[in-house]
Amino acid sequence: MVPVLLIALFIETRGVDRQGSRAMRRWAHVQDRVYAALGLVAFMVSLFVVAGIVPAGRPPAAIIIATLSGCMGMLYVRILQRFARDGDQRHDQVSGDR
């Protein structure tokens, strides 16, 4: 799951509009750092459970579920932002053609 989220983040980041405001680019970088941190936490906890360093149980499962849920939620917000931006650009193109 974590690699899929990181691949989605990479693909999304490559498509970031360079014409966007400085605040939007800064927010995107903050989101990227949070994605990376959450993904790293989920991966490390999973690795420790598989290696037998941390016993499998509710706390490790809760940490993994919470971090992956946070990643999914942030990815959903990024998707909604992309739809809103693309919709605005299409609307501007249509109104500019007239």
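Being a predicted model, the structure only gives us computed values, none of them experimental.

### Quick look at the overall build of the protein chain
Here is step 1: Looking only at helices and strands, the protein chain features three helices and zero strands.
Here is step 2: Each helix and strand of the protein chain, ordered N terminal to C terminal, gives the series α-α-α.
Here is step 3: Within the protein chain, the fraction of its 98 residues that count as buried is 19%.
Here is step 4: With the model as given, the accessible surface of the protein chain reaches about 7,200 Å², and the carbon-plus-sulfur share is 67%.

### Focus: helix 2 (residues 22-51)
It helps to recall that an α-helix has 3.6 residues per turn; residues three or four apart then point in one direction.
Here is step 1: For helix 2, built from 30 residues, the straight-helix expectation of 44 Å at 1.5 Å per residue is met to within 8% by its first-to-last C-alpha distance of 43 Å.
Here is step 2: All of the buried residues along helix 2 are Ala28, Gln31, Asp32, Tyr35, Gly39, Ala42 and Val45.
Here is step 3: The first or second residue beyond helix 2 is glycine 52, which carries a positive phi of 85 degrees.

### Some remarks on the environment of serine 46
Here is step 1: With respect to the helices and strands, serine 46 occurs in helix 2.
Here is step 2: Residue class for serine 46 comes out partly exposed when judged on its relative accessible area of 28%.
Here is step 3: Along the primary structure serine 46 and isoleucine 64 are separated by 18 residues, whereas in three dimensions their C-alpha atoms are 7.2 Å apart.

### Some remarks on the environment of isoleucine 65
Here is step 1: As for its placement among the helices and strands, isoleucine 65 is situated in helix 3 (residues 58-97).
Here is step 2: Remark: the alpha-carbon pair of isoleucine 65 and alanine 42, spanning 23 residues in sequence, is separated by 8.0 Å.

### Observations regarding the environment of valine 54
Here is step 1: Relative to the helices and strands, valine 54 is located in the loop between helix 2 and helix 3.
Here is step 2: Assessed through its relative accessible area of 27%, valine 54 is described here as partly exposed.
Here is step 3: When residues no more than four places from it in sequence are discounted, the contact partners of valine 54 are Phe48, Val49 and Pro60.

### Structural notes on the confidence of the model for the protein chain
Here is step 1: Overall, the prediction assigns the protein chain a mean pLDDT of 76, with 69% of residues at 70 or greater.
Here is step 2: Of all the helices and strands in the protein chain, helix 1 (residues 2-14) carries the lowest mean pLDDT, 63, while helix 2 carries the highest, 83.

### What about a nonpolar patch on the surface?
Here is step 1: Among the surface-exposed residues, Leu40, Phe43, Leu47, Phe48 and Ile53 lie close enough to one another that they form a single nonpolar patch of about 480 Å² accessible area.
Here is step 2: Considering the arrangement of structural elements, one finds isoleucine 53 in the loop between helix 2 and helix 3.

### Observations regarding the side chain of threonine 67
Here is step 1: By the element assignment, threonine 67 lies in helix 3.
Here is step 2: Within the structure, the side chain of threonine 67 is placed 3.0 Å from the backbone oxygen of isoleucine 64, a separation counted as a polar contact.
Here is step 3: Other than its neighbours up to four places away in sequence, threonine 67 contacts Leu38, Val41 and Ala42.

The rules behind each value
Sequence order as written defines residue numbering, which begins from 1 separately in each chain. The predicted origin of the model limits local features to residues at a pLDDT of at least 70 and limits the giving and counting of side-chain atom pairs to 80 or more, whereas totals for whole chains, interfaces and linings rest on all residues. Excluding hydrogens and water, the side-chain figures rest on all heavy atoms present in the structure. Secondary structure is summarised from DSSP: a helix means a run of H or I of at least four residues, a strand means a run of E of at least two, and numbering begins at the N terminus for each. The classification of residues rests on relative accessible area computed with a 1.4 Å probe and restricted to protein chains. Under 20% of the type maximum is buried, over 50% is exposed, and intermediate values are partly exposed. Only the protein chains shown count as cover for residues, with accessible areas throughout obtained via the Shrake-Rupley method and a probe of 1.4 Å. An expected span of 1.5 Å times one less than the residue number is assigned to each helix. Throughout, a residue-residue contact means that at least one pair of heavy atoms, one from each residue, lies within 4.5 Å. Confidence of the predictor in every single residue is expressed as pLDDT, which spans 0 to 100. A patch is a set of surface residues, each over 30% in relative accessible area and not in a salt bridge, joined within 9 Å for like charges and within 5 Å for the nonpolar side chains Val, Leu, Ile, Met, Phe, Trp and Tyr. The term salt bridge refers to a pairing of a side-chain nitrogen on Lys or Arg with a carboxyl oxygen on Asp or Glu at a separation within 4 Å. Polar contact is defined as a pair of N or O atoms within 3.5 Å, subject to the rule that within protein one atom must be able to donate a hydrogen and the other to accept it, and that residues adjacent in sequence are counted only when both atoms are side-chain atoms.

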